[in-house]
Amino acid sequence: MAKKSLKAKPLLSPQYCKACGLCVEACAQGCLVMGEAIHPETGLRPVVLDIERCTACGLCISACPEPYALAPLPVEGETEIPAPPPKAALTTPDTRLPLAIEDPLVIRGTYASAIGALLAGCRNFFGYPITPSTEGAELMALLLPKLDGVFVQAVSELATINMMYGCGGAGRRAMTFTSSPGMSLMLEGLSYMIGAEIPGVVVDVMRGGPGLGNIAPEQSDIKLVCRSLGHGNTHGIVLAPSTPQEMLDLTFDAFELSFRYRIPAVVLCDGYLGQMTGRVVLPKTMVRPGVPGWAVTGDREHRRNLMCSIELSERDLEEHNRRLIEKYKRIEKSEQRADLFHCDDAEVILVACNTPARMAKGAVRELRQRGAKVGLFRPLTLWPFPIQALEPVVARARRIVVVEASDGQLEDELRLALSHAGMRLPARIESLRHYGGVLPQLHEIVDVVLPDALSAGASRGRA
Amino acid sequence: MSVFYERFERHAHGEGVKGRSTHYCAGCGHGLAHKYLAEAIDDLGVQDRTIAISPVGCAVFLYYYFDVGNTQASHGRAPAVAIGHKMANPDSVIVSYQGDGDLAAIGLAEIIQAAQLGVPITVVFVNNAVYGMTGGQLAPTTPLGHATATSPAGRDLSMGAPLKMTEMIAAIDGCVYAERVALFDNKERITAKRAIRKALALQLENRGLSFVEVLSECPTHLKMSPRESQRWVRETMVRIFPLGVKKDVKSGRWPAPPPPNFDSARMVEVIGGFADHVESRDAKLPSELGDEVGLKFAGSGGDGAQTAAMLVTRAAIHEGFDATHIPSYGPESRGGTSYADVRIAVDEVLSPAVTAPNVLVAFNAPSLAKFGPHVLPGGTIIYDSSVITERPQQRDEVNCIGVPCAEIAAGLGKAVVKNIVALGALQAATRVLPEKVFIDVIRLALKSKPKLLPINEEAFRRGAEMVANARTSPS
Ligand code: SF4
Ligand code: SF4
Ligand code: SF4
């Protein structure tokens, strides 16, 4: 960087002068006086500079709040050649590294999720303790230092999500574990992340609500994360695991998706699943993440980058919204996922996710043994809702029974998806709902489904 | 000045005079604070490394002007965003630029935590005693008596006295430098410039948070000329907010995070400990149990029901089964009820909850009373007969075995192994899994406490013995 002379006479550019008069006050020589003439471009009366008596003390320049109104007068031979602007950074790609652990892990859901994050290249955890999610955070606190990662316990969920905003904006894979009340607090930050297109993964181990509710498993946040991820036209990718294995797999995938689309992803699970221990098989590879070209990393190539969700002009903000909506459409088209269990010939379709889906799976087996043609449709992505896979299934089915630990939050997603797809609602959408931490049990599902499932099948057989 | 963009492309698309002038009102202190910050960045040669966090407030558009890495934060959260950036790139130079509403009202928790953590970021806190962007409302730093849009009759004590942030931050250990400066005359401006430069230079020493409060003019909301505003700051604000260095210590050391490790051998070391070896992959359950078996362990906290359940789960997975374990605790986390559901399946556990178990292990009478009646026909109940003295009512088709688990454990000199006694009994009574795999997982679980192994193995053996004896002796 060329050395500038500290003392220089000023050069006035009247078009950038706001006529504040601070330079007039600053100059002891009286070289600057308030102007009379109105500047045609600004409508202001810029100061007038008479450089005759100037001692080049530089005080007027230091007193001028405007970057370009009063600048040091270029001295001959000392003119600074401005450095060329930095070249835009290229994205360095992620690398897959082989991982040689053949044997399964026997771990609880939150642990599986934490390990999924590590394998996906997450080395930055930010979080605030909240039951029943904290065990995941605790494992991160234990393991991250061994991988030279960073664990920060934030002062709140607000701070947490904003640390993720900064870290994700730096292109790093950041995550948190939280539970429903914490999720509510993170919504503002998530809206900013979505607006600024900053990736990051939130694992929400849902608990009973509203308010403080309790720490038992409820599917209390489906609506929150699918429909209202903060203010504005927002969406984030929502994945819904049902087993410890899926806690690992879907957390891993959440990072991939989040970075592919530059959008936050939520792994939505429940307290039961978080605590459930099971067999978890590891993937054959792990990820060493690259550095995205768009990130703000504190080096020359990334210097021109900006993480920002403000667009002052209506036109610009509409344009920005259009681009985001375009992206949501691409995600809706390409990233729907579902697991279908005995749906091929099913007359009754159970729809469930998270732990209730496991109860429902058990119920399907029992109902099948009793001769009822029942299947389970299990969305793995709640947003986007896997309507493509559901369409043919619904077309064949006579009844849909939504099994959930919430007041129809899953059913609403289903109905919205059906209606957006232009499908006529099936003749019967029934529900089995529990709240407050009570989960639908296998025998209840059987009781709801069985009577009509058999008689209808039988009567049709007779016809 | 090279740290300002040549043209402010983000300011109204850089068109016309806006391309080289700021959005600030005439005589606004933000312009000067920007200028001194830009000079400091330039002087220290850290333009490429710098990331500026724009706040919410009049300085929200800071990123229009600074040719550095830029991130715009939500209201009050700039220090949290700054921490996120610093943790990602410890070598980056982070400036968290905030106004008084942003830092001293909505963002109090974030700035306090940043100071507490001692993360080396530089905070430029512009205090002009009013909310500028939203139109001149009461700020935490508004002087008593001063009228604002939301204190039209002037601030009185019902609105509290002004907050002195620099003194507060200086009192926090993680802050290494805190100074309050002003802009109202040449002398103060020189001090302000020097302070901002110093705060930034200190960041390069990686010791802790550096904080500069700039008493600043907001002529628009003071409804004064720029010159009158300067006088107001000098006469009114300085009296409340005394200028000067509040803290400047040589101590402090920030443990900068190392570059993250992505070595797969290291990963194997770190998570390999959770892996359980799987013996055979086509395991079968005893024929009378079919393809799936549900077990319930019930007692009170401290009975070891969860550990026993976990050991069975791991043993099952060793054998090549799928298995799940779900704990459920009573409302009191200590000493309350503690139940565990374990399900073992040949292919896949479909429904992990166990409402009607094949096997119940009950450590106390309430647990036995609660779950005993739900045990499936052909199932087994193992209860601690040293605690449950009344022999339970015999049910047809349920094998009910009393084992004095607590007594045996006490006899072995280790009360906590009563759950292992119960496991021995469980294995002998149901043969749900081979004895060897139980011993294997107990050994694995005690890898770090080998001294306890003999007593646990003995406990297991004694439990099994009790069942064998019960079989041979007529009841
Ligand atoms: S450099 Fe000093 S003497 Fe010259 S115009 Fe500016 S303030 Fe006056
Ligand atoms: S200080 Fe700058 S903006 Fe203010 S009157 Fe002087 S030249 Fe104009
Ligand atoms: S309102 Fe006040 S703080 Fe905001 S730009 Fe104008 S003078 Fe500056």
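Residues numbered from 1 in each chain as written. Chains lettered and ligands numbered in written order. Predicted model: local features only at pLDDT ≥ 70, side-chain atom pairs only at ≥ 80, totals over all residues. Heavy atoms only, no water.

A. Focus on the overall build of chain B. Secondary structure assignment for chain B yields 15 helices and 15 strands. Here chain B has a C-alpha radius of gyration of 35 Å; the compact-globule value for 475 residues is 23 Å, and the former is much larger. Relative to its 475 residues, chain B shows a buried fraction of 60%. Long-range pairs, those at least 24 residues apart, make up 64% of the contacts in chain B between residues at least 6 apart in sequence. Of the roughly 17900 Å² of accessible surface on chain B, a fraction of 54% belongs to carbon and sulfur atoms. Side chains of chain B carry 48 positive and 49 negative charges; the gap between the two charge centres is 8 Å. (Helix = DSSP H or I, 4+ residues; strand = E, 2+ residues; numbered from the N terminus. Rg over C-alpha atoms; globule rule 2.2 N^0.38 Å. Buried < 20%, exposed > 50% of the residue type's maximum accessible area, 1.4 Å probe, protein only. Contact = heavy atoms within 4.5 Å. Areas by Shrake-Rupley, 256 points an atom, 1.4 Å probe, with all protein chains shown as cover. Lys, Arg positive; Asp, Glu negative; His and termini not counted. Charge placed at Lys NZ, Arg CZ, Asp CG, Glu CD.)

B. Examining the overall build of chain A more closely. Along its length, chain A carries 14 helices and 21 strands. Principal axes of the C-alpha set define a box for chain A whose edges measure 110 × 50 × 40 Å. Across chain A, every contact between residues at least 6 apart in sequence was considered, and the portion connecting residues at least 24 apart equals 80%. Roughly 18100 Å² of accessible area belongs to chain A as shown, and the carbon and sulfur atoms make up 54% of that amount.

C. Structural context of the site of ligand 3. Ligand 3 sits among Tyr-24, Cys-25, Cys-28, His-30, Cys-58, Asn-128, Cys-218, Pro-219, Thr-220 and His-221 of chain B. In terms of residues, the shell around ligand 3 owes the most to one element, helix α7 (residues 219–222) of chain B, which gives 3 residues. (Near = heavy atom within 4 Å.)

D. Looking closely at helix α12 (residues 387–396) of chain A. Residue and element names in this part refer to chain A. The set of residues buried in α12 consists of Ile-387, Leu-390, Val-393 and Val-394. Looking straight down α12, one finds that the buried residues subtend no more than 125 degrees of arc, so they occupy a single side. Contact partners of the buried residues in α12: β16 (338–341), β17 (348–351), β18 (374–379), β20 (399–404) and α13 (409–420). (Arc of directions from axis to C-beta.)

E. Region of interest: the sheet that holds strand β1 (residues 50–54) of chain B. Read from one edge to the other, the open sheet built from 8 strands follows the order β15(A)-β2(B)-β1(B)-β3(B)-β4(B)-β8(B)-β7(B)-β9(B), with strand pairing classed as mixed. Each edge of the open sheet is held by one strand with a lone partner, namely β15 (306–307) of chain A together with β9 (244–248) of chain B. Where strand β7 (residues 175–182) of chain B and β9 of chain B come together, 4 bridges link them in antiparallel fashion. Directly across from Ala-178 of chain B, in β9 of chain B, lies its bridge partner Lys-247 of chain B. The strands that helix α1 (residues 29–44) of chain B touches are β1, β3 (93–99) and β4 (122–127) of chain B; relative to β3 of chain B, the one it contacts most, it runs at about 170 degrees. Relative to the sheet, helix α4 (residues 108–117) of chain B contacts β3, β4, β7 and β8 (209–215) of chain B, its axis offset from that of β8 of chain B by approximately 140 degrees. (Pairing = 2+ DSSP bridges. Axes fitted to C-alpha atoms, helices over the stretch in contact; angles between N-to-C directions.)

F. Up close: the domain arrangement of chain A. All names here are of chain A. Entries for chain A in the domain assignment read domain 1 (10–72), domain 2 (95–334) and domain 3 (339–462). Each side of the interface is counted separately: domain 2 has 34 residues, and domain 3 has 28 residues. Of the roughly 2500 Å² buried between domain 2 and domain 3, counting both surfaces, carbon and sulfur atoms make up 52%. Taken together, the links from domain 2 to domain 3 amount to 3 salt bridges. (Domains from an automatic or database assignment. Buried area = accessible area lost by both parts, 1.4 Å probe. Salt bridge = Lys/Arg side-chain N within 4 Å of Asp/Glu carboxyl O.)

G. Representation of the domain arrangement of chain B within the structure. Along its sequence, chain B is carved into domain 1 (12–248) and domain 2 (268–472). Centre-to-centre, using C-alpha coordinates, domain 1 of chain B lies 62 Å away from domain 2 of chain B.

H. View of the site of ligand 1. Every residue lining ligand 1 is accounted for by Pro-10, Cys-27, Gln-29, Cys-31, Cys-54, Thr-55, Ala-56, Cys-57, Gly-58 and Cys-60 of chain A. Looking at the shell around ligand 1, its residues break down into 7 nonpolar, 3 polar and no charged. (Nonpolar A, V, L, I, M, F, W, Y, C, P; charged D, E, K, R; others polar.)

I. Local environment of the interface of chain B and chain A. Facing the 106 residues of chain B at the interface are 97 residues of chain A. Roughly 8500 Å² is buried in total at the junction of chain B and chain A, and carbon and sulfur atoms are behind 60% of that figure. Taken as a group, Phe-262, Phe-274 and Leu-350 of chain B account for 9% of the area that chain B buries against chain A, more than any other trio of residues on that side. Inspection of the region where chain B meets chain A yields 10 salt bridges. Our count for the contact surface shared by chain B and chain A stands at 37 residue pairs in polar contact (both at pLDDT 80 or more). For the side of chain B that touches chain A, the class distribution of residues is 51 nonpolar, 31 polar and 24 charged. In terms of strand pairing, β15 of chain A meets strand β2 (residues 69–72) of chain B through 2 bridges, oriented parallel. Residue pairing in the sheet places Leu-306 of chain A in a bridge with Asn-70 of chain B of β2 of chain B. (Polar contact = N/O pair within 3.5 Å; in protein donor to acceptor, adjacent residues only side chain to side chain.)

J. Inspection of the side chain of Thr-22 of chain B at higher detail. Position of Thr-22 of chain B relative to the elements: it lies in the segment before α1. Judged by relative accessible area, which is 6%, Thr-22 of chain B ranks as buried. In this structure the side chain of Thr-22 of chain B is engaged in a polar contact, spanning 2.5 Å, whose partner is the side chain of Glu-66 of chain A. In contact with Thr-22 of chain B, not counting residues within four places along its chain, are Lys-18, Glu-66 and Pro-67 of chain A together with Phe-8, His-11 and Tyr-65 of chain B.

K. The confidence of the model for chain A, seen in detail. All names here are of chain A. The predicted model of chain A averages 93 in pLDDT, with 96% of residues at 70 or higher. With pLDDT under 50 throughout, residues 1–5 is counted as low confidence; its partners more than four residues away or in other chains account for 9 contacts. Segment residues 457–463: pLDDT under 50, and 4 contacts once partners within four positions in sequence are set aside and those in other chains are kept. (pLDDT = per-residue confidence, 0-100.)

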